[in-house]
Amino acid sequence: QVQLVESGGGLVQAGGSLRLSCTASGGTFSNYALGWFRQAPEKERHFVASITWSTRTQYYTDSVKGRFTISRDNAKNTVYLQMNSLKPEDTAVYYCAADKYGGGTSHQPDYDSWGPGTQVTVSS
């Protein structure tokens, strides 16, 4: 089990870009799938994107397809979320998570480790 910390959040205008990073400590990402989730104020946390261990297959929720890209650098124990063409509805706390089974599902209980989150605010 690993500990995760996100970084890279901030305030941007609609149409802008941010790149989020998530770095592990206390272990490595070997064999783990990695996911990004987000939670808007007073809303439930939802799946955003994931990347598998074995093939680096990427999955995205429909609302971010074509705008967001997830990637991983296993040597740095880091996963990234590149967010382009940001919209006000993307405003949320973004969390990274690690799934030791490596499948990259959108099912939150499948993830074993979670970061504390980083705030992304998109102004109109």
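Structure: above.
From a predicted model like this one, the values you see are computed outputs, not experimental measurements. (Residues numbered from 1 in each chain as written. Predicted model: local features only at pLDDT ≥ 70, side-chain atom pairs only at ≥ 80, totals over all residues. Heavy atoms only, no water.)

Visitor: Lay out the overall build of the protein with the relevant residues and their values.
Guide: Across its full length, the protein holds zero helices and 11 strands. Secondary structure elements of the protein occur, N-terminal to C-terminal, as β-β-β-β-β-β-β-β-β-β-β. Taken over the C-alpha trace, the protein has a radius of gyration of 13 Å; the compact-globule value for 124 residues is 14 Å, and the two agree within 12%. The C-alpha extent of the protein, read off along each of the three principal axes, is 40 × 25 × 25 Å. Taken over 124 residues, the protein has a buried fraction of 43%. Taking all contacts inside the protein whose residues are at least 6 apart in sequence as the whole, residues at least 24 apart take part in 59%. Here the protein has roughly 6,200 Å² of accessible surface; of this, 46% comes from carbon and sulfur atoms. Charged side chains of the protein number 11 positive and 10 negative; the gap between the two group centres comes to 6 Å. (Helix = DSSP H or I, 4+ residues; strand = E, 2+ residues; numbered from the N terminus. Rg over C-alpha atoms; globule rule 2.2 N^0.38 Å. Buried < 20%, exposed > 50% of the residue type's maximum accessible area, 1.4 Å probe, protein only. Contact = heavy atoms within 4.5 Å. Areas by Shrake-Rupley, 256 points an atom, 1.4 Å probe, with all protein chains shown as cover. Lys, Arg positive; Asp, Glu negative; His and termini not counted. Charge placed at Lys NZ, Arg CZ, Asp CG, Glu CD.)

Visitor: Give me the pairing of strand β4 (residues 33-39): which residues, what numbers.
Guide: Buried residues dominate β4, accounting for six of its seven residues. Where β4 and strand β9 (residues 92-99) come together, seven bridges link them in antiparallel fashion. When the sheet's bridge partners are listed, Arg38 is paired in β9 with Tyr94. Hairpin remark: β4 followed by strand β5 (residues 45-51), antiparallel, with five residues in the connecting loop; positive phi at Glu42, about 60°. (Pairing = 2+ DSSP bridges.)

Visitor: Requested: an account of the packing of aromatic side chains, with residues and values cited.
Guide: Evaluated as defined, the whole model comprises four aromatic pairs. Ring geometry for Phe37 versus Phe47: centroids 5.6 Å apart, planes at 75°, classification edge-to-face. Residue Phe37 is located in strand β4, and its partner Phe47 is located in strand β5; the two are separated by 10 residues in the primary sequence. Each of the two residues, Phe37 as well as Phe47, counts as buried. One aromatic cluster in this structure is built from Phe37, Phe47, Tyr111 and Trp114. For Arg45, the ring lying beneath its charged end belongs to Tyr95, and the centroid distance is 5.1 Å. Here the basic side chain of Arg45 rests over the ring of Trp114, its NZ or CZ set 3.8 Å away from the ring centre. (Phe/Tyr/Trp six-rings, centres within 6.5 Å; stacked < 30°, edge-to-face > 60°. Lys NZ or Arg CZ within 6 Å of the ring centre and 35° of its normal.)

Visitor: Lay out the nonpolar core with the relevant residues and their values.
Guide: Grouped together as the largest cluster of nonpolar side chains are 28 residues, with contacts concentrated most on Trp36, Leu81, Met83 and Tyr94. Look past the residues within four positions of Leu81 in its chain and what remains in contact with it is Leu18, Arg19, Leu20, Trp36, Val48, Ala49, Phe68, Thr69, Ile70 and Tyr94. (Core = buried A, V, L, I, M, F, W, Y, C linked by side-chain atoms within 4.5 Å.)

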